Amino acid sequence: MPKKEWSDGARIARMVIIDLIVLAIALCTFSYFHHVRQPMVTPMTMPTPVPTTAPTPDATSEPTSIDTAPTTEPEPTAEPTPEPAGLLRGQYAEKFATDGVEQTETSYRSKNVAMELTEEWMYDSLVHIVDIYIQDISSFRTVLPYEELGELKMKLADVQEQLPQALMLTSSDQFRNRSSSEWGFILRNGLLYDDNINFCDICVLYQDGGMEVYAKGTAIPDEIYARGAHQIWSFGPILVQGGAAMSEFPGGTGRSLGKNPRMGIGYFEPGHYCLVLADGARGSESGSAGLSMAEFAELFVNLGCTTAYNLDGGDTATMIFGDRLLNSSARRVTDGIYIAEPVEGEN
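Model, not experiment: these values are computed from the prediction.

Conventions we followed
Residues numbered from 1 in each chain as written. Predicted model: local features only at pLDDT ≥ 70, side-chain atom pairs only at ≥ 80, totals over all residues. Heavy atoms only, no water. 1 Å grid on protein atoms, 1.4 Å probe; cavity = no way out; pocket = protein on both sides within 12 Å on 5 of 7 lines; lining within 4 Å. Points joined across faces, edges and corners; volume = space filled by probe spheres on them. Helix = DSSP H or I, 4+ residues; strand = E, 2+ residues; numbered from the N terminus. Nonpolar A, V, L, I, M, F, W, Y, C, P; charged D, E, K, R; others polar. Salt bridge = Lys/Arg side-chain N within 4 Å of Asp/Glu carboxyl O. Buried < 20%, exposed > 50% of the residue type's maximum accessible area, 1.4 Å probe, protein only. Pairing = 2+ DSSP bridges. Polar contact = N/O pair within 3.5 Å; in protein donor to acceptor, adjacent residues only side chain to side chain. Phe/Tyr/Trp six-rings, centres within 6.5 Å; stacked < 30°, edge-to-face > 60°. Contact = heavy atoms within 4.5 Å. Axes fitted to C-alpha atoms, helices over the stretch in contact; angles between N-to-C directions. Core = buried A, V, L, I, M, F, W, Y, C linked by side-chain atoms within 4.5 Å. pLDDT = per-residue confidence, 0-100.

Computed from the structure, the largest pocket encloses a volume of approximately 850 Å³. Phe235, Gly236, Pro237, Ser256 and Asn310 are the residues nearest the centre of the largest pocket, which is lined by 36 residues in total. Secondary-structure elements contributing two or more residues to the lining of the largest pocket are α5 (254-257) and β17 (307-311). If one sorts the elements of the lining of the largest pocket by residue count, α5 sits on top with three residues. Taken together, the residues of the lining of the largest pocket sort by class into 13 nonpolar, 11 polar and 12 charged.

Turning our eyes to something else, we now look at the pattern of salt bridges. For the structure on display, the rule yields eight salt bridges. A salt bridge links Glu119 to Arg324; the nearest nitrogen and oxygen atoms lie 3.4 Å apart. Taken together, the positions of Glu119 in strand β4 (residues 113-122) and Arg324 in strand β19 (residues 324-325) put the pair 205 residues apart, joining distant regions of the chain. In this structure, a network of salt bridges that share partners links the residues Asp173, Arg188 and Asp335.

Turning our eyes to something else, we now look at the pairing of β17. Within β17, five of the five residues are buried, which leaves the element mostly enclosed by the surrounding structure. Residues of β17 alternate between two faces, with Thr307, Tyr309 and Leu311 on one and Ala308 and Asn310 on the opposite face, all of them buried. Of the strand pairs in this sheet, strand β15 (residues 262-269) and β17 are connected by five bridges, and their pairing is antiparallel. By the bridge assignment for β17, Gly264 is matched with Asn310.

Quick look at the pairing of β15 now. Burial within β15 is extensive, with seven of its eight residues counted as buried. Linking β15 back to strand β16 (residues 272-278) in an antiparallel pair, the connection comprises two residues, with Gly271 at a positive phi of about 95 degrees.

Before going further, it helps to examine the side chain of Arg176. Position of Arg176 among the secondary structure elements: in the loop between β7 (168-171) and β8 (185-188). Here the side chain of Arg176 touches Glu147 through a polar contact of 2.3 Å, side chain to side chain.

Attention now moves to the packing of aromatic side chains. For the structure on display, the rule yields eight aromatic pairs. Relative to Trp183, the ring of Phe175 has its centre 5.0 Å away and its plane inclined at 85 degrees; by these criteria the two rings are edge-to-face. For Trp183, a relative accessible area of 2% corresponds to the buried category. Centre to centre, the rings of Tyr267 and Tyr273 are 5.9 Å apart; their planes meet at 35 degrees, and the pair counts as tilted. Each member of the pair Tyr267 and Tyr273 is classed as buried. In this structure an aromatic cluster arises from ring pairing among Phe140, Trp233, Tyr267 and Tyr273.

Another aspect to go through is the sheet that holds strand β20 (residues 336-339). On the basis of which strands lie adjacent, the open sheet formed by five strands has the order β6-β20-β7-β18-β19 and antiparallel pairing. The open sheet is flanked by β6 (140-143) and β19, the only strands paired with a single partner. Relative to strand β18 (residues 319-321), β7 is paired through three bridges, and the arrangement is antiparallel. Residue pairing across strands places Met168 opposite Phe321, the latter belonging to β18.

Glancing now at the side chain of Asn260. Inspection of the secondary structure puts Asn260 in the loop between α5 and β15. A polar contact of 3.3 Å, which involves the side chain of Asn260, links it to the backbone oxygen of Gly258.

Take unusual backbone geometry next. At the junction of Gly236 and Pro237, the peptide bond is cis and its omega measures out at 10 degrees in the coordinates. Of note, Pro237 is situated in the loop between β12 (229-234) and β13 (238-241). Of note in this structure, Gln174 is not a glycine but carries a positive phi near 55 degrees. Structurally, the position occupied by Gln174 is in the loop between β7 and β8.

A few words on the sheet that holds β16. Pairing is antiparallel across the open sheet formed by nine strands, whose spatial order is β2-β3-β4-β5-β16-β15-β17-β13-β14. Only two strands of the sheet have a single neighbouring strand rather than two, namely β2 (102-104) and β14 (244-245). By the bridge criterion, 10 bridges tie β4 to strand β5 (residues 125-134) in an arrangement that is antiparallel. The partner of Leu117 across the bridge, within β5, is Val130. Sitting on the sheet, helix α6 (residues 293-303) touches β4, β5, β13, β14, β15, β16 and β17, and the angle it makes with β15 is about 30 degrees.

Here the focus is the nonpolar core. Formed by 32 residues in total, the largest nonpolar core has its most connected members in Met115, Phe140, Met168, Trp233 and Tyr273. For Met115, the contacting residues outside a window of four places in its chain are Thr106, Ser107, Tyr108, Val130, Asp131, Ile132, Leu167, Met168, Phe321 and Ile339. Core analysis: the next-biggest nonpolar cluster, separate from the first, contains 17 residues, Ile129, Leu239, Phe268 and Met293 among them.

Now for the confidence of the model for the protein. Taken over all residues, the pLDDT of the protein has a mean of 84, while the share at 70 or more is 76%. In this model residues 28-38 is a low-confidence stretch, pLDDT under 50, and it forms 12 contacts with partners more than four residues away in sequence or in other chains.

In structure tokens:
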């Protein structure tokens, strides 16, 4: 081979190698800032909408009349019966313990929190259902390892070690695993992280114990702030609304709608909720197939939920009840949901 041709070939090869190295560095830099190095964000308290006051009409003087009718003693009025305290307004008293704490491998009962874990095979899958009753909304908590524990991603069991107050703990919507431009509408324990209503369906747990779901782009933040939000999740899709399973799941693809490990939240009435984990094939030791999105929605309807919402699934879906890790396919999570005894003075 002539020397010039060999020299030209070597030069071209060096240029190609240099281009590949530059491309690799660029991709690594993008991945680091997009997926690894997340910004530390200072949350805000919820904005307080300015109340509108109706104009007060000018007072007009009325003619004074002399009352000549004999005075009579007014009839005594009965004392109003005080409304029972707590989100449940005195209902389901039998669910709670009257003295101390009663705890087993599948249940927890105190005067403020009652939970029951059931595990059933349905849709060719192992499903873990935690039925939850709470008297105070501060018992329904969320945790962000990056902000609160100093690590972006942690195994759920490691999060639990630093949250001894957690009676149960699950994965959540994993918004911290996305680019900050794709967080959505995020509020945790009353603190606002982002207010983008156009990213996906959202789920709002209110301070009055109610829960509402909103399709992508339909939420009105000022109305949500005025009612008082406690938690807002952004992932979806909506599974159940008005007691009926959704017939379509906009934005879903074939794989995301098919059988997968899943995590979801259901709502019955203020103070009564459920968290549901469907074990799946990815790394699972149970042989569970996972649930399709339609099956997951149907499950919540069969439980009696009026509202239900899908959280991040796949290998992220995981749950701990008491000190039991309920599935073996868990990977590290960026945020979680947990139930605890109420926070004194918070609500």
